[in-house]
Amino acid sequence: MQHDRYELVLDPTDHWTVWDNLTGVPAVFAGQILAGLTEAEAKAALRVLTAVERKPSKAAENAA
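Residues numbered from 1 in each chain as written. Predicted model: local features only at pLDDT ≥ 70, side-chain atom pairs only at ≥ 80, totals over all residues. Heavy atoms only, no water.

Before we move on, could you go through the overall build of the chain and cite the residues and values that matter?
Scanning the chain for helices and strands turns up two helices and five strands. Secondary structure of the chain in N-to-C order comes out as β-β-β-β-β-α-α. Considering the chain as a whole, with its 64 residues, one finds that 17% of them fall into the buried category. Of the contacts made within the chain by residues no fewer than 6 positions apart, 21% connect residues no fewer than 24 positions apart. (Helix = DSSP H or I, 4+ residues; strand = E, 2+ residues; numbered from the N terminus. Buried < 20%, exposed > 50% of the residue type's maximum accessible area, 1.4 Å probe, protein only. Contact = heavy atoms within 4.5 Å.)

Requested: an account of the environment of L46, with residues and values cited.
Counting through the fold element by element, L46 comes out in helix α1 (residues 39-54). Sequence separation between L46 and V18 is 28 residues, and the spatial gap between their C-alpha atoms is 6.6 Å. Leaving out residues up to four positions away in the same chain, L46 has contacts with Y6, E7, L8 and V18.

Explain α1 to me, and be specific about the residues and the numbers.
The terminal C-alpha atoms of α1, which comprises 16 residues, lie 23 Å apart, in line with the 22 Å expected from a rise of 1.5 Å per residue. Of the residues making up α1, those classed as buried are A42, A45 and L49. All buried residues of α1 project into a common sector of 65 degrees when viewed along the axis, lining one side. Every exposed residue of α1 that faces more than 90 degrees away from the buried side is listed here: A40, R47 and R54. Where α1 is buried, its residues touch β1 (6-10), β2 (16-20) and β4 (28-29). (Expected span 1.5 Å × (residues − 1). Arc of directions from axis to C-beta.)

Got a sec to walk through a nonpolar patch on the surface? Specific residues and values, please.
Together, F29, V48 and V52 line one region of the surface with nonpolar side chains, adding up to about 240 Å² of accessible area. Following the sequence through the fold, V48 ends up in helix α1. Given the relative accessible area of 37%, V48 is considered partly exposed. (Patch = residues over 30% accessible without salt bridge, like charges linked within 9 Å, V, L, I, M, F, W, Y side chains within 5 Å. Areas by Shrake-Rupley, 256 points an atom, 1.4 Å probe, with all protein chains shown as cover. Salt bridge = Lys/Arg side-chain N within 4 Å of Asp/Glu carboxyl O.)

Rendered as structure tokens:
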């Protein structure tokens, strides 16, 4: 069974974290820890991280 790498987690203070299931810690993007976010910010970050993860790397494109 495949699980998504990232998921949204609501903390007890009603702030959101983008959780990285691969590393077991909050996700980091552009040097920022994705925690303490509004729901809208967290959803936007999740969309970006998911798109980046699914995009083939240049090395993979060149190998094909």
